[in-house]
Amino acid sequence: MKKPILIFALFFIALPFFSKEPQGYKELDMVHLEGSSFQIGQNSQTYTAFRKINSFYINKYETPYTLWYKIRKQAEKNGYHFENPGQEGSNGKRGKVPTIKGYGQPVTMINWYDAIVWCNAYSEIQSKTPCYTYKGQIIRDSSDAARCDLAVLDMNADGYRLPTEAEWEYAARYTPSGLTPGDTISGDFAWTFENADATRAVGTTGTPFEEDAPPEPSSGYANKAGLYDMTGNVIEFCWDWFADYTEQKDGELAAGPSFGENRVARGASWSPYTLFVYTGDRYSYAPDECYNYMGFRIVKSK
């Protein structure tokens, strides 16, 4: 008789976690942005360039660990492999079950390879076409660095992917009446090294933080596009190889060079290692690097 009682008790212990999602917050909540043209890096970078992008959808939130964990576990059953299991925010335990206390924390301690493979996994689980392939084959193993480095991005697929650098900056600077100048901070508030010593739940910027009563996801301030944490909390992977901007040619994808050494990351974080907080600021990381101030958000073309 003890075993059924134990199972019953564990169910009610776990119940708060599964019923905790606050009203108005969804792990995946995509915003549609109409395509346009703009000057990338305006008022922030020494070199700028013209960019024309198509309309796309972008998630309001940095990818939360709850969603990462759920998709990763299901994907591994389907033959996917992840070099890094990720963790719950900056202080979580690697690969462990999400906790009630850490609800809404962004996934960290993953690298760029893990992120694109996870996007493919999520796409397949949702019966969408994955965006990342090598020689026509879907990339399902983030430890296969060679295949990941040579990945081909299909912008016409309906699956999930990382934003291009141009899409990310466009979303960060977007307002209904046009783009803000490139030297502004994205949103009214940001979790940076000046006001945070760790990651916070996604979408809580601008709210009072108390250790015993942390704010709930989506309770903070979004930018003019309705996106949270475009500056601060964790820096976010982009698709592009890092390089000086060049002018975009007619019909060319605004996604940087075909090869390189480092990938672009954007957005600043809580860490003092990421001091640049403006919408046009850029970071450069090797695709196999992972830190507890590094995460991502997803987009899709259609």
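Residues numbered from 1 in each chain as written. Predicted model: local features only at pLDDT ≥ 70, side-chain atom pairs only at ≥ 80, totals over all residues. Heavy atoms only, no water.

Student: Help me out: how do you make sense of the sheet that holds strand β13 (residues 235–241) in this one?
Tutor: By way of backbone hydrogen bonds, the strands of a sheet pair with one another, either parallel or antiparallel. Read from one edge to the other, the open sheet built from four strands follows the order β15-β14-β13-β16, with strand pairing classed as mixed. Each edge of the sheet is formed by a strand with only one pairing partner; in this case those strands are β15 (283–285) and β16 (294–295). (Pairing = 2+ DSSP bridges. Helix = DSSP H or I, 4+ residues; strand = E, 2+ residues; numbered from the N terminus.)

Student: Help me out: how do you make sense of the side chain of Asn111 in this one?
Tutor: Within the fold, Asn111 resides in the loop between β6 (107–108) and α3 (112–125). At 2.8 Å, the side chain of Asn111 forms a polar contact with the backbone nitrogen of Asp114. Setting aside residues no more than four positions away along its own chain, Asn111 makes contact with Asn84, Phe237, Pro287, Asp288, Glu289 and Cys290. (Polar contact = N/O pair within 3.5 Å; in protein donor to acceptor, adjacent residues only side chain to side chain. Contact = heavy atoms within 4.5 Å.)

Student: What should I look at first to understand the nonpolar core in this one?
Tutor: Counting 45 residues, the largest nonpolar core has Trp118 and Phe296 as the members making the most contacts within it. The set of elements that each furnish at least two residues to this core consists of α2 (65–77), α3, β7 (132–134), β13 and β15. The element contributing the most residues to this core is α3, with nine residues. Ignoring any residue separated from it by four or fewer positions in sequence, one finds Trp118 in contact with Thr63, Leu67, Trp68, Ile71, Arg72, Phe82, Phe296 and Ile298. (Core = buried A, V, L, I, M, F, W, Y, C linked by side-chain atoms within 4.5 Å. Buried < 20%, exposed > 50% of the residue type's maximum accessible area, 1.4 Å probe, protein only.)

Student: Looking at this structure, how should I read the sheet that holds strand β1 (residues 30–33)?
Tutor: If you walk across this open sheet you meet the four strands as β1-β4-β17-β10, and the pairing is antiparallel. A strand with exactly one partner marks an edge of an open sheet, and here the two such strands are β1 and β10 (160–161). Here β1 runs beside strand β4 (residues 56–59); their pairing, made up of four bridges, is antiparallel. Looking across to β4, one finds that Met30 is bridged to Asn59.

Student: Quick question: what am I supposed to make of the packing of aromatic side chains here?
Tutor: One pair of aromatic rings is described through two measures. These are the centre distance and the angle between the planes. Overall, the coordinates contain 22 aromatic pairs when judged by the stated rule. Judged by centre distance (6.3 Å) and plane angle (85°), the ring pair of Tyr25 and Tyr103 falls under edge-to-face. Residue Tyr25 is located in the loop between α1 (2–18) and β1, and its partner Tyr103 is located in the loop between β5 (87–88) and β6; the two are separated by 78 residues in the primary sequence. Note on accessibility: Tyr25 and Tyr103 belong to one class, buried. A ring pair is formed by Trp118 and Phe296, whose centres lie 5.5 Å apart and whose planes are at 75°; its orientation type is edge-to-face. Of this pair, Trp118 sits in helix α3 while Phe296 sits in the loop between β16 and β17 (299–300), and the two are 178 residues apart along the sequence. Each residue in the set Trp68, Tyr80, Phe82, Trp118, Tyr122, Tyr160 and Phe296 is aromatic and connected to the rest through ring pairs, giving one cluster. We note Arg200 situated over the ring of Trp191; from NZ or CZ to the ring centre the distance is 5.3 Å. Taking NZ or CZ as reference, Arg263 lies 4.8 Å from the ring centre of Trp239, over its face. (Phe/Tyr/Trp six-rings, centres within 6.5 Å; stacked < 30°, edge-to-face > 60°. Lys NZ or Arg CZ within 6 Å of the ring centre and 35° of its normal.)

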